[in-house]
Amino acid sequence: MDIRVLRPSDIPHVQLANITNLPENYFCKYYLYHAMSWPQLSYVAVDVSRPTPPHSPPKIVGYVLAKMEEEPLDGVQHGHITSLSVMRTHRRLGLAEKLMRQSQLAMLETFSAHYVSLHVRVSNVAALRLYRDTLGFTNEKTEKAYYADGEDAFSMRMELSGLK
Ligand code: ACO
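Keep in mind that this is a model prediction, so the values were computed, not measured.

Participant: Describe in detail the site of the ligand, supporting the description with residues and values.
Facilitator: Taken together, 24 residues are adjacent to the ligand, and Arg91, Ala96, Ala126, Arg129 and Leu130 come closest. Those elements that provide at least two residues to the shell around the ligand are strand S4 (78-86), helix H3 (95-111), strand S5 (115-121) and helix H4 (125-135).

Have a look at this one:
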């Protein structure tokens with residue numbers, strides 16, 4: 001498995017993975033905005049285990065789409081995870097953890113981010129385990145009816161000073 005920076009040509013495949021795995025979906029231009037504005041922060045996991053014919057598309061099995069907060073309300077420079085997902089066929093292999101760690105390190109090294117934030121559904125047990133137990137995020141607050149279907153979100157954050 002290869003973890004590398006998101007390229008603009010990956011966007012249709014990342015968009016497909018996003019639509020397959022999550023109800024929160026975005027227009028192509030929003031992915032492109034991430035890739036062009038903060039090219040160091042978004043990563044893809046590519047399955048390179050089987051040879052593919054020349055010029056065939058990469059087999060993208062996971063991604064993290066991340067950005068810097070442009071106008072942080074607290075005035076503190078920080079990153080934000082817009083979306084993370086891994087295809088069902090490739091879960092529990094440590095890919096999400098690796099994608100997150102790569103992005104977090106780049107936030108710190110490239111943009112001197114103090115922390116990283118994200119939102120997650122209160123019912124998303126797998127993601128909560130990953131964020132809280134594996135990566136060390138803490139729950140800041142609960143945002144009522146954050147999602148379009150009315151579900152609440154946990155607003156979580158992780159300090160980046162301990163990385164490296
Ligand atoms: N149940 C319980 N704990 C889990 C699960 C699960 N199904 N999946 C991951 N974890 C926890 C475990 O602690 C795991 O460590 P372990 O395997 O040593 O026990 C740890 O997270 C790391 O797991 P990874 O293998 O790195 O996670 P994976 O690559 O499977 O991806 C993810 C996890 C992204 C949550 C995946 O299940 C997924 O794509 N789900 C659907 C999309 C989604 O919910 N995305 C997050 C939305 S929030 C946002 O985008 C900001």
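Participant: Any details on the sheet that holds strand S6 (residues 138-143)? Residues and values, ideally.
Facilitator: As summarised here, the arrangement of the 7 strands in space is S1-S2-S3-S4-S5-S7-S6, forming an open sheet in which the pairing is mixed. Of all strands in the sheet, those bounded by a partner on one side alone are strand S1 (2-5) and S6. Direction aside, the axes of adjacent strands within the sheet are offset by 25° on average. Looking at chain direction, S1 and strand S2 (residues 43-46) are connected through 4 bridges and run antiparallel. By the bridge assignment for S2, Ile3 is matched with Ala45. Strand contacts of helix H1 (residues 11-21): S2, strand S3 (60-68) and S4, with the helix running at about 95° to S3, the strand carrying the most contacts. Across the sheet, H3 lies against S1, S2, S3, S4 and S5, angled at about 30° from S3, the strand it touches most.

Participant: Give me the packing of H3 against H4: which residues, what numbers.
Facilitator: Axis separation between H3 and H4 bottoms out at 11 Å; the angle between their running directions is 65°. Note on packing geometry: the crossing formed by H3 with H4 is right-handed. Each of Ala96, Glu97 and Met100 in H3 lies in contact with H4, whose residues at this interface are Leu130, Thr134 and Leu135. Class assignment for the residues of the contact of H3 with H4 results in 4 nonpolar, 1 polar and 1 charged.

Cut-off values and rules
Residues numbered from 1 in each chain as written. Predicted model: local features only at pLDDT ≥ 70, side-chain atom pairs only at ≥ 80, totals over all residues. Near = placed C-beta within 6 Å. Helix = DSSP H or I, 4+ residues; strand = E, 2+ residues; numbered from the N terminus. Pairing = 2+ DSSP bridges. Axes fitted to C-alpha atoms, helices over the stretch in contact; angles between N-to-C directions. Contact = placed C-beta atoms within 7 Å. Left-handed = near helix turned anticlockwise from the far one by under 90°. Nonpolar A, V, L, I, M, F, W, Y, C, P; charged D, E, K, R; others polar.

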